[in-house]
Amino acid sequence: MITLTCHGAATEVTGSRHLLTVNDQRVLLDCGMHQGRDLAKRLKRDSLPFKARQLDAVVLSHAHLDHSGALPRLLRRGYRGPIYCTGATLNLLAVLLKDACNLYLKDLERDNLVRKRRGQKTQNPVYDMEDVLAVLEACQVVPYNLATAIGPGITLTLLDAGHILGAAMVHLALDDGQGAPLRLLFSGDIGNADSPLMRDPAPRPEVDWVMMESTYGNRNHRSYPATLAELETVLEAARGGVVLVPAFAVGRTQEVLFQLGCFYHQGKLTGWHVVLDSPMAIEVTQIYDQWLELMDPEDLAMLSREGSATLEAFLPCLHLTQNTDESMGLNRINQGLIIIAGSGMCNGGRILHHLKHRIWDDRTHLLFTGFQARGTLGRQLVEGEKRVKLFGQPYAVRAQVHTLGGFSAHADQRQLLAWLADFPGPRPKVLLVHGEEGAQLALKATIEAQLGHQVAIPEPGQTRVLRS
Ligand SMILES: [Zn+2]
Ligand SMILES: [Zn+2]
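Residues numbered from 1 in each chain as written. Chains lettered and ligands numbered in written order. Predicted model: local features only at pLDDT ≥ 70, side-chain atom pairs only at ≥ 80, totals over all residues.

Peer 1: What is the right way to read the overall build of the chain from this model?
Peer 2: The helix and strand inventory of the chain stands at 15 helices and 22 strands. The globule rule puts the C-alpha radius of gyration for 468 residues at 23 Å, and the 22 Å found for the chain is close to it. Considered along the principal axes of its C-alpha atoms, the chain spans approximately 70 × 60 × 40 Å. Classification of the 468 residues of the chain by burial places 47% in the buried group. Across the chain, contacts joining residues at least 24 apart in sequence account for 75% of those joining residues at least 6 apart. (Helix = DSSP H or I, 4+ residues; strand = E, 2+ residues; numbered from the N terminus. Rg over C-alpha atoms; globule rule 2.2 N^0.38 Å. Buried ≥ 20, exposed ≤ 12 C-beta atoms within 10 Å, placed from the backbone. Contact = placed C-beta atoms within 7 Å.)

As structure tokens, this is what we get:
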């Protein structure tokens, strides 16, 4: 018997966790964190609804925290098996999990101080750095396209998802002794084939079931050329001011740097300095530079045409901040500056300090380049909120807010349909995950009408028998 239970990213975008059972084997696909505000409170509420010790294997699609962030707690709860992922994912995971752990412990310390002052009991951390190190030790690297046995009757193949560095679609052949192995493809996050740096998603294999993401199931991104034209217009309008780019440290930052590099070589960045003000994004950019062989060959050709061996070298007006003093020093500069800082959804990181100094000033341009989850400050800002809270204080939003859709690392509706239509053989059955309700319903209806697949939307915690 083969069953699947979606314990997260079911009718929502974050918290990707899917438990697959094949006879008595239990494989967890991703172990992500729910994202939103206040890490410490969220972690306390966010339980893992399965027994960590009873899992036999974990497969990680990619390093983003909404897919990996709960791994340390899984080990804290006694999971001792392997975590399968690509080598690049392992490199990124080290950076992301350590950073998330530091943020969490800081949040918790602050909460505990408040509790002490109120005479309440303080709380112990639900995980710490030791658990993070245990995760990294448990990782077993599986290169793309190499079929690997990961348990009795379970064969895993990771395929390039084209989403971020190292991101994989997870192909599983599951032999439960009931005839030919059942073939399942878990999409992880599906890349935007138009965006720079990453390759297009790898060709799909023939499968029986597809579990696919649906983040942008109800909309299409602005085309990439239109996005670039818009970026140019924003830079033009922002001359005499400062542009703040809240960016995810992994993926988006590197794409933006690459694109700004292209502008630089086209003579379109005259008078601008770009500052990458995020220790994590700086570290991640170095990891991207180590794995350039996984990037889109056309973009690599562009780098080598300009004689650049790294993304950093490709953008000569780029400055990397070394410390917080330097970051604070940026506050004194009032024009010609593009500041890229985390976090991408403005729920933490140095971007908050830059917002505090500039959000009330109409010379500031705020440039969003990625998805903003419900409950985040970023979502409030893209929805046009005129007053927001920063560090507990109200601030007027006078900055001009721009959203550049075409930079997304996710496929849009058109690309999701093309991705699904590309499976060879009989139409696989489809389960939609990793999307909010509106996006999922729209995608389901469109797939059924245009492609004719049978589509279901798993409810959180509901177990589905894939083969009895
Ligand atoms: Zn992702
Ligand atoms: Zn995701």
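Peer 1: Before we go on, may I ask you to explain the domain arrangement of the chain in this structure?
Peer 2: Parsing the chain into structural domains produces domain 1 (2-219 + 409-467) and domain 2 (224-407). On a C-alpha basis, the centroid separation for the pair domain 1 and domain 2 is 27 Å. Contact with domain 1, which involves 25 residues of that partner, is made by 26 residues of domain 2. Of the residues assigned to the side of domain 1 that touches domain 2, the class counts are 13 nonpolar, 8 polar and 4 charged. (Domains from an automatic or database assignment. Nonpolar A, V, L, I, M, F, W, Y, C, P; charged D, E, K, R; others polar.)

Peer 1: How do you make sense of the sheet that holds strand 21 (residues 455-456) when you look at a structure like this?
Peer 2: Consider a sheet: its strands pair through backbone hydrogen bonds, and that pairing is either parallel or antiparallel. With respect to topology, 7 strands assemble into an open sheet ordered 7-8-9-10-11-20-21, the strand pairing being mixed. In this open sheet, the two edge strands, each paired with only one partner strand, are strand 7 (148-151) and strand 21. Across 3 bridges, the pairing between strand 7 and strand 8 (residues 154-160) is antiparallel. Following the sheet pairing, Thr148 is matched in strand 8 by Leu156. Set on the sheet, helix 15 (residues 437-450) makes contact with strand 20 (429-433) and strand 21; between it and strand 20 the angle comes to about 160°. (Pairing = 2+ DSSP bridges. Axes fitted to C-alpha atoms, helices over the stretch in contact; angles between N-to-C directions.)

Peer 1: Is there a simple way to think about helix 12 (residues 351-358) in this case?
Peer 2: Since the α-helix turns once every 3.6 residues, residues separated by three or four places project in the same direction. What helix 12 keeps buried is the set Ile351, His354, Leu355 and Arg358. Along helix 12, the residues classed as buried sweep out an arc of 100° about the axis, all on the same side. Here the buried face of helix 12 lies against strand 12 (242-246), strand 15 (337-341), strand 16 (364-368) and strand 17 (387-390). (Arc of directions from axis to C-beta.)

Peer 1: What am I meant to see in the packing of helix 14 (residues 413-421) against helix 15 here?
Peer 2: For any two helices packed against each other, the geometry comes down to the angle between their axes and how far apart the axes lie. The contact between helix 14 and helix 15 brings their axes to 11 Å, and the two run at 45°. The angle between the axes of helix 14 and helix 15 places the two elements in the oblique class. The way helix 14 lies across helix 15 gives a crossing that is right-handed. Along its contact with helix 14, which presents Gln413, Leu416, Leu417 and Leu420, the element helix 15 presents Leu443, Thr446, Ile447 and Gln450. A breakdown of the residues in the contact of helix 14 with helix 15 according to their chemical character gives 5 nonpolar, 3 polar and no charged. (Parallel < 35°, antiparallel > 145°, perpendicular 65-115°, else oblique. Left-handed = near helix turned anticlockwise from the far one by under 90°.)

Peer 1: Looking at this structure, how should I read the sheet that holds strand 2 (residues 17-22)?
Peer 2: Strand order in the open sheet made by the 7 strands is 6-5-4-3-2-1-22, with mixed pairing throughout. With partners counted over all chains shown, the strands left at the sheet margins are strand 6 (139-141) and strand 22 (463-467), one partner each. Ignoring which end each strand starts from, the neighbouring axes of this sheet average 25° apart. Taken together, the 6 bridges between strand 1 (residues 2-8) and strand 2 define a ladder with antiparallel strand orientation. Across the sheet, Ile2 pairs through a bridge with Val22, a residue of strand 2.

Peer 1: Help me understand the environment of Tyr144, please; the structure alone is not making it clear to me.
Peer 2: With respect to the helices and strands, the residue Tyr144 is situated in the loop between strand 6 and strand 7. Along the sequence, Tyr144 and Ala161 sit 17 residues apart, while their C-alpha atoms lie 9.9 Å from each other.

Peer 1: What am I meant to see in helix 8 (residues 279-290) here?
Peer 2: Spanning 12 residues, helix 8 covers 17 Å between terminal C-alpha atoms, matching the ideal 16 Å at 1.5 Å per step. By the burial criterion, the buried members of helix 8 are Pro279, Met280, Ala281, Val284, Thr285 and Tyr288. Buried positions along helix 8 lie against helix 4 (87-117), helix 7 (252-265), strand 13 (273-276), helix 10 (311-314) and strand 15. (Expected span 1.5 Å × (residues − 1).)

Peer 1: Could you clarify how one ought to interpret unusual backbone geometry in this entry?
Peer 2: If a residue is not glycine, its phi is most likely negative; likewise, a peptide bond is most likely trans. A cis amide bond, omega 0°, links Gly342 with the succeeding residue Ser343. Residue placement: Ser343 occurs in the loop between strand 15 and helix 12. Unlike most non-glycine residues, Ala9 shows phi in positive territory, near 50°. Despite not being glycine, Cys346 shows a phi value in the positive range, around 60°. Mapped onto the elements, Cys346 comes out in the loop between strand 15 and helix 12. The exposure class assigned to Cys346 is buried, which follows from the 28 C-beta atoms found within 10 Å.

Peer 1: Would you mind showing me how to read the pairing of strand 10 (residues 182-186) here?
Peer 2: Along a regular strand, successive side chains alternate from one face of the sheet to the other. Pairing between strand 9 (residues 168-174) and strand 10: 5 bridges, direction antiparallel. When the sheet's bridge partners are listed, His171 is paired in strand 10 with Leu185. Relative to strand 11 (residues 209-213), strand 10 is paired through 3 bridges, and the arrangement is parallel. Paired with Leu185 across the strands is Val210, a residue of strand 11.

Peer 1: Looking at this model, I keep getting lost on the packing of helix 4 against helix 8. Mind explaining?
Peer 2: The contact between helix 4 and helix 8 brings their axes to 10 Å, and the two run at 170°. Taken together, the axis directions place helix 4 and helix 8 in an arrangement best described as roughly antiparallel. Contact residues: Asn91, Leu92, Val95 and Asp99 in helix 4; Met280, Glu283, Val284 and Ile287 in helix 8. Of the residues that constitute the contact of helix 4 with helix 8, the class distribution is 5 nonpolar, 1 polar and 2 charged.

Peer 1: How should I be thinking about the environment of Met1 in this particular structure?
Peer 2: Inspection of the secondary structure assignment puts Met1 in the segment before strand 1. For Met1, a count of 13 C-beta atoms within 10 Å gives the class partly exposed. Every residue in contact with Met1, bar those within four places of it in the chain, is listed here: Asn23, Asp176, Val465, Arg467 and Ser468.

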